[in-house]
Amino acid sequence: MDAVTLEAAAARSELRPDLRAAKRLVVKIGSALLVDAAGLRRGWLDGLAADIAELRAGGAEVLVVSSGAIALGRRVLGLPKGALPLEQAQAAAAVGQIELAQAYVAALAPHGIQAAQVLLTLADTQDRRRYLNARATLKTLTGLGAVPVINENDTTATDEIRYGDNDRLAARVALMAGADMLALLSDIDGLYTGDPRHDPHARHLPLVPEITPEIEAMAGAAGEGAKGGMVTKLMAAKTAMRGGCTLAIAKGAVDRPLSALADGGRCTWFPASETPAAARKQWIAAMKPAGTLVVDAGAAQALRRGASLLPAGLRRVEGVFERGDPVSVSTEDGAALGAALSGYNSDEAARIAGLRSGEIEAALGHPGRAAVAHRDDMVLWG
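Let me sum up the structure you'll find in this document.

What counts as what
Residues numbered from 1 in each chain as written. Predicted model: local features only at pLDDT ≥ 70, side-chain atom pairs only at ≥ 80, totals over all residues. Heavy atoms only, no water. Helix = DSSP H or I, 4+ residues; strand = E, 2+ residues; numbered from the N terminus. Polar contact = N/O pair within 3.5 Å; in protein donor to acceptor, adjacent residues only side chain to side chain. Pairing = 2+ DSSP bridges. Axes fitted to C-alpha atoms, helices over the stretch in contact; angles between N-to-C directions. Buried < 20%, exposed > 50% of the residue type's maximum accessible area, 1.4 Å probe, protein only. Contact = heavy atoms within 4.5 Å. Parallel < 35°, antiparallel > 145°, perpendicular 65-115°, else oblique. Left-handed = near helix turned anticlockwise from the far one by under 90°. Nonpolar A, V, L, I, M, F, W, Y, C, P; charged D, E, K, R; others polar. Salt bridge = Lys/Arg side-chain N within 4 Å of Asp/Glu carboxyl O. Expected span 1.5 Å × (residues − 1).

Next up on the list: the side chain of serine 308. Along the polypeptide, serine 308 turns up in the loop between helix H12 (297-304) and strand E13 (314-319). Here the side chain of serine 308 touches arginine 375 through a polar contact of 3.0 Å, landing on its backbone nitrogen.

Moving on, we come to the sheet that holds strand E12 (residues 291-295). Taken in spatial order, the five strands line up as E13-E12-E14-E15-E16 in an open sheet, and their pairing is mixed. Because the sheet does not close on itself, it has two edges, and the strands there are E13 and strand E16 (378-380). Going from strand to strand, the sheet's axes swing by 25° on average, the running direction of each strand aside. With three bridges connecting them, strand E15 (residues 336-341) and E16 associate as antiparallel partners. Residue alanine 339 lies in a different strand from E16, and its bridge partner there is valine 379.

Although it is not a glycine, arginine 256 adopts a positive phi angle of roughly 50°. Considering the arrangement of structural elements, one finds arginine 256 in the loop between strand E10 (246-251) and helix H10 (257-262).

Across the six residues that make up E10, a large majority, five, are buried. Here six bridges tie strand E7 (residues 181-186) to E10, and the two strands are oriented parallel to one another. Bridge pairing in E10 places leucine 182 opposite leucine 247.

Time to look at the sheet that holds strand E11 (residues 267-270). An order of E5-E6-E4-E1-E7-E10-E11 is seen for the seven strands of this open sheet, with the pairing classed as mixed. Lying at the two open borders of the sheet, with one neighbouring strand each, are strand E5 (115-120) and E11. On average, each strand axis in the sheet is tilted by 20° relative to the strand beside it, whichever way the strands run. Together, strand E1 (24-29), strand E4 (61-66), strand E6 (147-152) and E7 form the strand contacts of helix H3 (residues 42-57), whose direction differs from that of E4 by roughly 155°.

Helix packing geometry: the angle between the two helix axes and the distance between the axes. Where H3 contacts helix H5 (residues 86-108), the axes come no closer than 9 Å and their chain directions differ by 55°. As the angle between them shows, H3 and H5 are arranged oblique. Crossing of H3 against H5: the hand is right-handed. Between H3 and H5, the contacting residues are Leu45, Asp46, Leu48, Ala49 and Ile52 on the first element and Ala103, Tyr104, Ala107 and Leu108 on the second. Looking at the contact of H3 with H5 residue by residue, the class counts come to eight nonpolar, no polar and one charged.

Applying the stated criterion to the full structure yields 17 salt bridges. One salt bridge in this structure joins aspartate 195 and arginine 197, with 2.6 Å as the shortest N-O distance. Connected through salt bridges with shared partners, the residues Arg20, Asp51, Glu54, Arg256 and Asp263 form a single ionic network.

Turning our attention to the pairing of E12. For E12, a buried count of five out of five residues is recorded, marking the element as mostly surrounded by other parts of the structure. Relative to E13, E12 runs antiparallel, the two sharing five bridges. Paired with valine 295 across the bridge in E13 is leucine 314. Here E12 pairs with strand E14 (residues 326-331) via four bridges, running parallel. Within E14, the residue paired with valine 295 across the bridge is threonine 331.

Tracing the sequence through the fold places valine 294 in strand E12. Here the alpha-carbon distance between valine 294 and aspartate 325, two residues 31 residues apart in the chain, equals 16 Å. Discounting residues that sit within four places of it in the chain, valine 294 has contacts with Gly313, Leu314, Arg315, Arg316, Glu318, Ser330, Thr331 and Glu332.

As a further point, take H3. For H3, with 16 residues, the first-to-last C-alpha span of 22 Å sits near the 22 Å given by 1.5 Å per residue. Burial in H3 covers these residues: Trp44, Leu45, Gly47, Leu48, Ala49, Ala50, Asp51, Ile52, Ala53 and Leu55. Two residues or fewer after H3 comes glycine 59, characterised by a positive phi angle close to 105°.

On to the packing of helix H4 (residues 69-77) against H5. Put simply, H4 and H5 touch, their axes get as near as 6 Å, and they point 100° apart. Comparing their axes, H5 and H4 come out roughly perpendicular. Where H4 approaches H5, its residues Ala69, Ile70, Leu72, Gly73, Arg74, Val76 and Leu77 are matched on the opposing element by Ala89, Ala91, Ala92, Ala93, Val95, Gly96, Gln97, Glu99 and Leu100. Split by residue class, the contact of H4 with H5 holds 11 nonpolar, three polar and two charged.

So this is what it looks like as structure tokens:
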């Protein structure tokens, strides 16, 4: 799809996604938006907080992936400008993370919103058990009405401290949280056909329905001066779109940046072709099962009605697997019901089979999860 076709498609207003229709939105904040030569840009952050409050009032859950800890910490510690040795960057992150968290708490508090700090690395979104733990925490926080403010755990990470990582981390967080929209607020207003600083004929692309080799070539030219680079933003777009999440790249250095984006502000949209739930179901269905959860007739009926699989309905466990591994779900007579990600390893699942929720702790020696397989992590056949 060439640039002219993309521009023609973007001109059709019905193709432009509506930020205010998002059910769960992840917002990525670049460091330059939060911190300038004078320090924290409190007025800008207050405007962002007002936008978050407005979106939440409209029914959306909002999560924030925020850079800025190292930039804030280096000012507090009096470290010089420019690249820092790893140990100094980690020290700056340790100090700056406190400053960053306090800034979000102060900005959101007037709106009656509680901020929550979550520190991750890319590895936390790759290891299955850590992924599930982080996913459960994010789901619980948003369910309780808090806004998770997520940043890389730069105090212990090594190769993660470099520009662009939070673009990719934001996309992974969006998929982890089941978000249907991700806004990358940065110092560039989207993708161009060339580098607009040097090419007077470079055209802005408002809509990119598919990331082709031609689109990737444009990113290599257009993003070299942008913080994080356009290449990493396209990597984030690929990840988001595959997971059913629509992504926008927008210039964030405006008052009320999310309101500006919702009101038609200049950006590039990368629309997903399906919902996050549908994409996740396809992913689960395509995985090779490591074992089987065999359920009774009552549980089978409950699953078909959209319920989660509780221990009381589990009859036996076949195979050896870990928590988070894909498993088949079948009836006692061998009929295949579907596939799921197990909430327990095979040993624990076998020990709690047939038990009621109140009996799980005594059987395992610690409090367990209510579901052997949650309905969000399950796909049924037919």
